[in-house]
Amino acid sequence: MDIDAAKVQALRAGRVPIYEPGLDKLLADNAARISFSTSYDELLEESRILFVAVDTPPTPSGDADLSRVQRVVDEVAQRGGPRLVVMKSTVPVGTGERVVADLEAAGMRDITYVSNPEFLREGAAIEDFLAPDRIVIGAFREEDGDEVEALYRGVEAPIVRTSVPTAEMIKYAANAFLSTKISFINEIANVCEAVGADVREVARGMGLDHRIGPHFLNAGIGFGGSCFPKDVQALKQLAGNSGYHFQLLTAVIEVNHLQKRRVVGKLKERLGSLRGKRVALLGLTFKPHTDDLREAASIVLAARLRSEGAEVTAFDPLVPGPKHVQFPGVRLFADALGAVREADAAVLVTEWPEFATLDWKAVAGAMREPFLVDGRNFLDPAALSAAGFTYVGIGVPPVTPAPVGQAGAATLG
Ligand code: UGA
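In this text the structure is predicted, and so the values were computed from the model without any measurement.

**Some details on the sheet that holds strand β4 (residues 135-139)**
And step 1. Taken together, the five strands give an open sheet; going across it, the order is β1-β2-β3-β4-β5, and neighbouring strands pair in mixed fashion. Only two strands of the sheet have a single partner each, and these edge strands are β1 (49-52) and β5 (159-162). Sheet twist, expressed as the average angle between the axes of neighbouring strands with direction ignored, equals 25°.
And step 2. With four bridges connecting them, β4 and β5 associate as parallel partners. What sits directly across from glycine 138, in β5, is threonine 162.

Listed below in structure tokens is the structure:
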């Protein structure tokens, strides 16, 4: 059930209104046992267990906006029990207790509540659902937790049974820790640049320590998306509201802001003033395999470049052009070659796999100057050098164009 009629209509017609690899097939394969509705009455006539998966966007104060969650609870309460509300939305610690206290105060003891946070990544959601690292179930009543656990029978994963506030906290702590890992490696990358070390090798050398692990140690232009920035901010805010100043998260957020801007510094170092220079952005979404632009680094980067007087062009496989409201003054092209034509510099913003197999010689030929800032350390510097590029990554030694006929890379300085 969704209040967005257009979304429901699309789903009824077998169309998935978001981009998520594999979801259209999954929907088609299960069409016979899934139905869609815009009506609470219709939904509640048939369902006892209700998964709440509405968004909880940030408010101007940095708190999570719970108005959609509240609306769902109100609608359910109006129609009475018995029901089991399973919270999938990311809600501040204490929400479950508050909802249940409100329901009890209204005499609705037969509407019970379980916290079951989700850990899906956009672009890998099906895989993450079917083979999760863990399933977290926080319940007030043992039997409610058992009921939700039974729904996951057949999915192999450790089950963490806990209290509701602890389950709520696990979700925030997990996202905050992953964000911390990214800001940490980004700071290591910035130091690597100053001392001539290579962050990719540092990350590999660190990640082989099983206590650290290899994941989320890719340095780049910072984390984006609808979850990390919002959840880190909300946890910081939640701590602050409870009288605790979460210093570490303050730094994680600040490092992430500055990281996007460092790209502008790298461009200026090479090109001098950016006024009148043409800069092409390759990729706009906050990560590959999604069409999501929420909190994407590209938005801040494009705006910074425009305010420096640069002319900005862009290409993203899933963001259509030639104009986009999120990118005022930016010209969007239907392919990478169009975006880089006559450009003084290109910035790889999103590591779309197709950029790895681009004809970089052709790209170099189309540009005014073959200069590339790889914001995700995604491309092979030696291959770029061989294609004629001056290549600058994040925390990696920059390379200059290889002499004609030579495949290897010449490391700068
Ligand atoms: C994230 C979590 O990974 C999920 O577990 C969680 O369920 C979800 O948030 C959520 O709370 O709903 P998602 O936002 O889809 O999932 O994206 P991630 O794949 O985690 O990437 C987030 C950002 O971090 C991206 O901008 C990505 O480019 C960046 N990142 C990731 C790095 O800069 N370096 C890395 O090493 C990894």
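Moving on, there is more to tell.
**A look at the pairing of β1**
And step 1. Here β1 shows a buried face lined by Leu50 and Val52 and an unburied face lined by Ile49 and Phe51.
And step 2. In this fold, β1 hands off to helix α4 (residues 67-79), which returns the chain to strand β2 (residues 83-87); that crossover is right-handed.

**Comments concerning the site of the ligand**
And step 1. Around the ligand, 20 residues are found, and the nearest of them are Leu120, Glu122, Lys171, Asn175 and Cys227.
And step 2. At 3.0 Å, a side-chain N or O of glutamate 118 approaches an oxygen atom of the ligand.
And step 3. In the model, an oxygen atom of the ligand is placed 2.8 Å from a nitrogen or oxygen of the asparagine 175 side chain.
And step 4. In isolation the ligand offers 720 Å² of accessible surface; the protein chains occlude 92% of this area.
And step 5. Elements represented by at least two residues in the shell around the ligand include exactly α8 (164-195) and α10 (228-241).
And step 6. Ranked by residues supplied to the shell around the ligand, first place goes to α8 with three residues.
And step 7. Classifying every residue of the shell around the ligand by side-chain character gives nine nonpolar, four polar and seven charged.

What counts as what
Residues numbered from 1 in each chain as written. Predicted model: local features only at pLDDT ≥ 70, side-chain atom pairs only at ≥ 80, totals over all residues. Heavy atoms only, no water. Pairing = 2+ DSSP bridges. Helix = DSSP H or I, 4+ residues; strand = E, 2+ residues; numbered from the N terminus. Axes fitted to C-alpha atoms, helices over the stretch in contact; angles between N-to-C directions. Buried < 20%, exposed > 50% of the residue type's maximum accessible area, 1.4 Å probe, protein only. Right-handed = clockwise from strand over helix to strand, strands pointing away. Near = heavy atom within 4 Å. Polar contact = N/O pair within 3.5 Å; in protein donor to acceptor, adjacent residues only side chain to side chain. Areas by Shrake-Rupley, 256 points an atom, 1.4 Å probe, with all protein chains shown as cover. Nonpolar A, V, L, I, M, F, W, Y, C, P; charged D, E, K, R; others polar.

Purely geometric numbers; function is a separate question.
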